Amino acid sequence: MPAADEARVLAGVPDGLLIGGRWRPATAERLLDVHDPATGARIARVADASVADGTAALDAACRAFPAWAATPARHRGEVLRRAFDLLRERAEEFALLMTLEMGKPLAESRGEVAYGAEFLRWFGEEAPRVQGRYGPNPEGTGRAIVTQHPVGPCFLITPWNFPLAMATRKIAPALAAGCTVVVKPAALTPLTTLLLARLLEDAGVPPGVVNVVPTSASAPLSEAIIRDHRLRKLSFTGSTPVGQRLMALAAEGVLRTSMELGGNAPFLVFEDADLDQAVDGAMAAKFRNIGQACTAANRFLVHRSLSAEFTRRVSARVRELRVGRGTEEGVTIGPLVDDRAVTTTHALVRDAVTRGAVLEVGGAPLDGVGSYFAPTVLGDVPPASALLSEEIFGPVLAVTPFGDEDEAVRRANATEYGLVSYVYTRDLARGQRMIERLETGMMGLNVGVVSNAAAPFGGWKLSGLGREGGPEGIGEYLQTKYTLTRDPFA
């Protein structure tokens, strides 16, 4: 990718805070540096929001809410559709920007643009479909009217690993429902959200409906907004410990909450599986986004009769992966988001090897500039290994053999998390049993990627609550009112 293209894209990103339809410029006293994880170089400096800026953003969202809530649903949907069209037209610009600030290969960034855009289209179509109901009560003494209303101003906290899709997945249903929002993007990757906010302005989103406040002071800014009595909804994607703290704060105001938290996804390969399909699915489920996804397969539970061959095949595929800067042609594995992620991943691999896991491929950071970790395969990983209980968030595929179906289910469910599971089997009845037995909010049956804008994304147990995407997604931003009227025939 020519350096001129990179400079052009970076020059087009707003560097201020979007509050009430105005871009507040960065000041020398409050600046947030953004780095390219492939080189460690600073690529941008943007405004670093203070607590007062966060409150001002909520002020703007509250002022804009009545008019936006009263805007006809069809019009709100048309605004989102225009945003979808603009995002598709500017796909290359957004893809390159994501690669520069987050590190994923350009091909994956293009995929995220396509995926993230779908939330704008889907919820643009859902906006006019919000419905209620009317009918007699059972006693026949009156008529019940049930209506849906926007919940109010929302605070949306997005993660660094999917900076576009996680923003559209929250902003689109909120706007479709008639809500206004304050968005706090991750400090590591704020640029994509800032550019998205400008695109939404171009699409016709009125001032104050979308406000964006990147900050290095996440905890105090978030606490001030969440504790403000005017806020009515909190949506967060990130780690479970942070989500638990935010939920405790949200409880004070009895806020509506959506929490998409950590995962520890099992990937089950039964003895009757199509091994070619299973290996293809494993590569997608593990190495998409360099393993930095809450939906990434974390524990590969493979039937003992296939474990050695499965490990051999995935190891061969992993050796073919090309590591490098995501803008380079043919690169399939980019850097991790920062050096801290490299250190954490390395510690988990060392722990597993110390306990007896067999290192098949990789296993260590790569020398040179950038936050690179070699794509890794571990075989015969002992059950006590930390990486079987902790979310890896790196390019490490850990294989553990199992004996029978009951053992596979027991191991798969032996975690406090329950976001997604993956199952490979040719047996239809077994697949149906896994739907019933596995304790996860989503499941891929003979597929390695489950995310789709038209499907409800979310988990069980400590993986969170609420759903994003699908018809269920807009319901997270609506509240129900029941009205009883007298019998009109009495």
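Here, the structure is the one placed above.
Just so it is clear, the model here is predicted, and its values are computed rather than measured.

Definitions and cut-offs
- Residues numbered from 1 in each chain as written.
- Predicted model: local features only at pLDDT ≥ 70, side-chain atom pairs only at ≥ 80, totals over all residues.
- Heavy atoms only, no water.
- Core = buried A, V, L, I, M, F, W, Y, C linked by side-chain atoms within 4.5 Å.
- Buried < 20%, exposed > 50% of the residue type's maximum accessible area, 1.4 Å probe, protein only.
- Helix = DSSP H or I, 4+ residues; strand = E, 2+ residues; numbered from the N terminus.
- Contact = heavy atoms within 4.5 Å.
- 1 Å grid on protein atoms, 1.4 Å probe; cavity = no way out; pocket = protein on both sides within 12 Å on 5 of 7 lines; lining within 4 Å.
- Points joined across faces, edges and corners; volume = space filled by probe spheres on them.
- Nonpolar A, V, L, I, M, F, W, Y, C, P; charged D, E, K, R; others polar.
- Salt bridge = Lys/Arg side-chain N within 4 Å of Asp/Glu carboxyl O.

## Focus: the nonpolar core
Core analysis: the largest hydrophobic core is formed by 64 residues, its most contacted members being Leu87, Phe94, Ile171, Leu175, Val181, Leu196 and Val210. With nine residues, the single largest contributor to this core is helix H6 (residues 165-177). Other than its neighbours up to four places away in sequence, Ile171 contacts Leu156, Val183, Leu196, Leu200 and Val210. Within the second largest apolar cluster, 51 residues are counted, among which are Phe267, Cys294, Val314 and Leu419.

## A short note on empty space enclosed by the protein
Applying the stated criterion to the full structure yields one cavity of 30 Å³ or more. What the largest cavity holds in volume is close to 60 Å³. For the largest cavity, the full set of lining residues is Ala284, Ala285, Arg288, Ala293, Thr295, Ala296, Tyr422, Gly448, Val449, Val450 and Ser451. For the lining of the largest cavity, the per-class residue count stands at seven nonpolar, three polar and one charged.

## Here we look at the pattern of salt bridges
Per the stated rule, a full pass over the model turns up 36 salt bridges. Here Arg143 and Asp487 are joined by a salt bridge, their closest N and O atoms 3.7 Å apart. Of this pair, Arg143 sits in strand S6 (residues 142-150) while Asp487 sits in the segment after strand S22 (478-486); the two residues are 344 residues apart in sequence, bridging distant segments of the chain. A relative accessible area of 19% places Asp487 in the buried class. For Arg430, the salt bridge goes to Glu271, with nearest N and O atoms at 3.5 Å. Here Arg430 is found in helix H14 (residues 428-437), whereas its partner Glu271 is found in the loop between strand S12 (265-269) and helix H10 (275-287), with 159 residues between them in sequence. A relative accessible area of 10% places Arg430 in the buried class.

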